[in-house]
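Coordinate inspection notes
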Amino acid sequence: MKVNDSVENNVNKNTVYSEQVDVEQEQKQEKKSSLKYIMLILACLLMFGNNYSFDNPQALQRQLTQDLNISISKYNLMYTAFSFPNIFLTLIGGVIIDVLGIRVAILGFSAIVVIAQTIIAFGGFFKSFWIMLAGRVLFGTASESLLIAQTAIISKWFRGKELSTAIGYIMTMPEIASAANSFVTPTIYDHFNGLTYPLFFSVFLCFLSFICGVVLCILDKNNDKKQKELQFVYKDNTSEKSEQVEKVSFKDIKSLNGTFWILILICTLSMGSYVPFLDDANDFLQEKFEFSYVQSGRILTLTYLAAAITSPFLGPYVDKVGKRRFFILITCLFFSVTHFLFGFMKQGYHDQPNWFSIIPLIMLGMSYSLYCCVLIPSVQYVVQQRVIGTAFGILGMFTSTSMALFPILAGYIVEGATTKEEGYSTVGFFYSGVSVFGIIFTISLYFFDKQSSIILDFVNPENPTKKEQEILKNIKQENNEQLGVFEDIDDDLLKIEGEENDDDENIKNDGFWEKNQRYLVSSKGFSTPKLAANRAVHERSGSLYY
């Protein structure tokens, strides 16, 4: 009896202890979940002042050209000056994020944004175009890198099926900021009859976003400390070697696969047909559809609000169903049809604005929402986490190129036309044609790079289901047959990126390498760390051979 009682007591104690552990784990999970949402809100507010200030020229297009006595081409230089430095600097900014850390990047770049907008505001105070242009150059060097840092920290906190949802919410706030700028900035100008007050109000908003960035970094640092306390840190030769492998350098660009570069081109064309168009949208609506400048500013809010409203719904839906290649195709189709409507629609009738132009304006916002919820997360799914900053630096370099060149081309098209109405119609057709190339590149994902892009259709690309793994296996087998290779591939060589291959004898065997180096690639397109460290197979991993 005593033995049975003792056993029963021990069982009860173990049961109570396990229940206490479960309760503690649930509490920790709830706290972590709450902290994630706080981080999400702060990350949204981090870019509010930046996005509000970026579109200041668009909201004051007519006023700037009159007060500063400049042409449309000179006006477009304000956006070219913003984008041109990023052709070269976003890649460096991405590497800085990977090397120095996300928190240092957020604090540094957000502080530069405040300083740059202050210079722009003083340029408006002195009515000096060149001071404002210098401020826009500095603003651009920090703004795009800050966006990369924001995306990097979101991808750190939200992974897998949560990523598109988080990006959807993240992209809502900038659109609200842009909508607020289109509505508030002209109102402030009319009230004070000058550029000074609306531009300094933007400085105030940039400073508030900087404060949000400080709080964001503090919370992230505290969370990292808690995580380290819960883990055992072993410092031995193995860890030192792995740390050497994990160092970031420009050589990592070679390991980026074909799907990544196709996605980069699609993003470049999509952003090239969205941002540069909105740069001139205020004057576009006035000249082509006969709206007043106040009406134009207020109607433009529909584009931003459409993106802000649809993003929180599209993000979770994409995370739920996957099929990202199909949604990328829909995105490019939306952009192309939208700009075709802008070019095709006629002027207003009987001195009344053409209110039907609201339809493509709303479609444009929905197109951008799709871009944010589908294309941006897709880029993160096809690169390693440790080079996420570098990858987005490359993305920023390409998109900045399109955002620097397209406004100049649009300006020449308008100035070379017989009338502004004719010129802006041609601009609409031009951007529609640009989006058609995006459609072509998207289709190529289905045919020319299917083996590495198929993961984009998975619900969770980082953790495929058994059915999805079977799809991957079948595609690998088809590729082997096309290459004339019919022998089985060792499953241990196809482990998910980040796992180690324990077969040291095979790694050291040159004959083994000659036989298998075309297959030593993971399902994400990257050779495993040990293989990459021992051989140059990672230089070929971009093609994802099996």
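Residues numbered from 1 in each chain as written. Predicted model: local features only at pLDDT ≥ 70, side-chain atom pairs only at ≥ 80, totals over all residues. Heavy atoms only, no water.

Spelled out, the test is: UniProt positions are given in the numbering used here, feature names are shortened, and annotations may be inferred rather than shown by experiment.
An unreviewed UniProt entry lists the chain under the name Major facilitator superfamily (MFS) profile domain-containing protein, from Paramecium primaurelia. Per UniProt, the chain has the following entry under Sequence similarities (unreviewed entry): "Belongs to the major facilitator superfamily."

1. Quick word on the overall build of the chain
Just so we agree on the cut-off: A run of H or I in DSSP counts as a helix once it spans at least four residues, and a run of E counts as a strand once it spans at least two, with each numbered from the N terminus. By the convention used here, residues are in contact when the closest approach between their heavy atoms is within 4.5 Å. The method behind every accessible area is Shrake-Rupley, applied with a 1.4 Å probe, and residues are considered shielded solely by the protein chains displayed.
Check the secondary structure of the chain and you find 24 helices and 0 strands. Restricting the contact set of the chain to residue pairs at least 6 apart, pairs at least 24 apart contribute 82%. Of the roughly 25,300 Å² of accessible surface on the chain, a fraction of 61% belongs to carbon and sulfur atoms.

2. What about unusual backbone geometry?
What counts is decided by this rule: Type-normalised accessible area, obtained with a 1.4 Å probe on protein chains alone, sets the label of each residue: buried when under 20%, exposed when over 50%, and partly exposed for intermediate values.
The residue Lys127 is not glycine, and still its phi comes out positive at about 55°. Structurally, Lys127 is set in the loop between helix 7 (102–125) and helix 8 (129–157). When its relative accessible area of 53% is taken as the criterion, Lys127 is described as exposed. Residues other than glycine seldom take positive phi values, yet Glu290 does so here, at roughly 65°. Within the secondary structure layout, Glu290 lies in the loop between helix 14 (281–289) and helix 15 (293–321).

3. Some thoughts on a nonpolar patch on the surface
Put simply, the test is: Patch membership is restricted to residues that have no salt bridge and whose relative accessible area is over 30%. Joining uses 9 Å for like charges and 5 Å for the nonpolar side chains Val, Leu, Ile, Met, Phe, Trp and Tyr. The term salt bridge refers to a pairing of a side-chain nitrogen on Lys or Arg with a carboxyl oxygen on Asp or Glu at a separation within 4 Å.
A contiguous nonpolar patch, built from Phe84, Phe88, Leu89, Ile92, Ile96, Val99, Leu100 and Val104 and spanning about 730 Å² of accessible area, is present on the exposed surface. At 6 residues, the largest contribution of residues to the nonpolar patch is made by helix 6 (residues 86–100).

4. So, the side chain of Asp280
We apply this condition: Asp and Glu are treated as the negative residues and Lys and Arg as the positive ones, with His and the ends of the chain left uncounted.
Checked against the element boundaries, Asp280 lands in the loop between helix 13 (258–279) and helix 14. As a buried residue without a salt bridge, Asp280 has its nearest oppositely charged side chain in Lys420, at a separation of 8.9 Å. When sequence neighbours within four positions are dropped, the list of residues in contact with Asp280 reads Gln61, Tyr75, Asn76, Ala410 and Tyr424.

5. Considering helix 17 (residues 358–381)
For the record, the criterion: Helix span is expected to be 1.5 Å times the residue number reduced by one. Throughout, bend refers to the angle between the axes fitted to the seven residues that end at a position and the seven residues that start at it.
Under the 1.5 Å per step criterion, the end-to-end length of helix 17 is 35 Å for 24 residues, consistent within 8% with the ideal 34 Å. At Tyr371, helix 17 shows its strongest bend, of approximately 30°. Counting buried positions over the 24 residues of helix 17 gives 20, a clear majority of the element.

6. Overview of the pattern of salt bridges
Within the structure shown, the criterion is met by 7 salt bridges. One salt bridge in this structure joins Arg62 and Asp283, with 3.4 Å as the shortest N-O distance. Note that Arg62 is positioned in helix 4 (residues 61–67) and Asp283 in helix 14, a separation of 221 residues in sequence. Between Arg325 and Asp457 there is a salt bridge; the shortest N-O distance is 2.7 Å. On the criterion of sequence distance, the pair formed by Arg325 in helix 16 (residues 324–344) and Asp457 in the loop between helix 20 (450–453) and helix 21 (466–483) is long-range, its members being 132 residues apart.

7. What about the packing of aromatic side chains?
Counted only if it meets this: Stacked, tilted and edge-to-face are the three classes applied to pairs of Phe, Tyr and Trp rings, where Trp contributes its six-membered ring and a pair requires centres within 6.5 Å; stacked means planes under 30 degrees apart, edge-to-face means over 60, and tilted covers the rest. Only when the NZ atom of a Lys or the CZ atom of an Arg is both within 6 Å of the ring centre and within 35 degrees of the ring normal do we say a charge sits over the ring.
All told, the structure shown has 29 aromatic pairs when counted by the stated rule. For the pair Phe326 and Phe327, a centre-to-centre distance of 5.8 Å together with 65° between the ring planes defines the contact as edge-to-face. Using a relative accessible area of 43% as the deciding quantity, one classes Phe326 as partly exposed. The exposure class of Phe327 is buried, given its relative accessible area of 12%. Cluster of aromatic residues (ring-pair linked, three or more members): Phe277, Phe284, Phe289, Phe342, Phe406, Tyr424, Phe430 and Tyr431. Over the ring of Tyr446 we find Arg325, and its NZ or CZ is 4.4 Å from the ring centre.

8. Considering the nonpolar core
Put simply, the rule is: In these notes, a set of buried Ala, Val, Leu, Ile, Met, Phe, Trp, Tyr and Cys residues joined through side-chain atoms within 4.5 Å is what counts as a nonpolar core.
Formed by 122 residues in total, the largest nonpolar core has its most connected members in Ile154, Phe260 and Tyr371. For Tyr371, the residues in contact, after removing those within four places along its chain, are Cys267, Ser270, Met271, Thr331, Phe335 and Ile376.

9. Focus on the confidence of the model for the chain
What counts, and what does not: pLDDT is a per-residue confidence score from the predictor, ranging from 0 to 100.
When the pLDDT values of the chain are averaged, the result is 75; 74% of them are 70 or greater. Note that residues 232–248 has pLDDT below 50 and, in this model, 11 contacts with residues that lie over four places away or in other chains.

10. Topic: the packing of helix 13 against helix 18 (residues 388–416)
Worth spelling out the cut-off: Under this scheme, a helix contributes an axis fitted over its contacting stretch, all axes are lines through C-alpha atoms, and angles between N-to-C directions fall in the 0 to 180 degree range. Roughly parallel here means an angle under 35 degrees, roughly antiparallel means over 145, roughly perpendicular means 65 to 115, and every remaining angle is called oblique. Definitions for this section: a left-handed crossing has its near helix turned counterclockwise from the far helix by less than a right angle. A right-handed crossing has that turn clockwise. Note that Gly is not counted as nonpolar here; it falls among the polar residues with everything else outside the nonpolar set of Ala, Val, Leu, Ile, Met, Phe, Trp, Tyr, Cys and Pro and the charged set of Asp, Glu, Lys and Arg.
Where helix 13 contacts helix 18, the axes come no closer than 8 Å and their chain directions differ by 40°. Classed by the angle they form, the pair helix 13 and helix 18 counts as oblique. Once helix 13 is placed against helix 18, the crossing between them reads as right-handed. Counting all contacts with helix 13, which are made through Phe260, Trp261, Ile264, Leu265, Cys267, Thr268, Met271, Gly272, Val275, Pro276 and Asp279, the residues of helix 18 involved are Ala391, Ile394, Leu395, Phe398, Thr399, Ser402, Met403, Phe406 and Pro407. Residues belonging to the contact of helix 13 with helix 18 are distributed by class as follows: 15 nonpolar, 4 polar and 1 charged.

11. Some words on the environment of Gln469
Relative to the helices and strands, Gln469 is located in helix 21. Along the primary structure Gln469 and Phe458 are separated by 11 residues, whereas in three dimensions their C-alpha atoms are 9.7 Å apart.

12. What about helix 14?
Most of helix 14 is tucked away, with 8 of its 9 residues classed as buried. Those residues of helix 14 not exposed but buried are Ala281, Asn282, Asp283, Phe284, Leu285, Gln286, Lys288 and Phe289. Glu290, located one to two residues past helix 14, shows a positive phi value of around 65°.

13. Quick word on the packing of helix 15 against helix 17
Closest axis-to-axis distance for the helix 15/helix 17 pair is 7 Å, and the angle between their directions is 40°. Viewed along their axes, helix 15 and helix 17 adopt a mutual orientation that is oblique. Classified by chirality, the crossing of helix 17 by helix 15 is right-handed. Of helix 17, the residues touching helix 15 (which contributes Ile299, Leu300, Leu302, Thr303, Ala306, Ala307, Thr310, Ser311, Leu314, Gly315, Val318 and Asp319) are Ile358, Leu361, Ile362, Leu364, Gly365, Met366, Tyr368, Ser369, Leu370, Cys373, Val374 and Tyr381. Along the lines of polarity and charge, the residues of the contact of helix 15 with helix 17 split into 17 nonpolar, 6 polar and 1 charged.

14. Regarding the side chain of Ser311
Examined against the element boundaries, Ser311 turns out to sit in helix 15. A relative accessible area of 1% places Ser311 in the buried class. The residues contacting Ser311, other than those within four sequence positions of it, are Gly168, Thr172, Pro316, Ser369 and Cys373.

15. Focus: the state of the cysteines
We count it as follows: Disulfides are defined in this document as cysteine sulfur pairs within 2.5 Å.
Here the structure, examined in full by the defined rule, presents 0 disulfides. With no disulfide of its own, Cys373 lies 6.4 Å from the sulfur of Cys372, the closest cysteine sulfur.

16. Description of the environment of Ile443
Looking at where Ile443 falls in the secondary structure, it is placed in helix 19 (residues 420–447). By relative accessible area, Ile443 is classed as partly exposed at 37%. In this structure the C-alpha to C-alpha distance between Ile443 and Phe326, which are 117 residues apart in sequence, comes to 9.2 Å.

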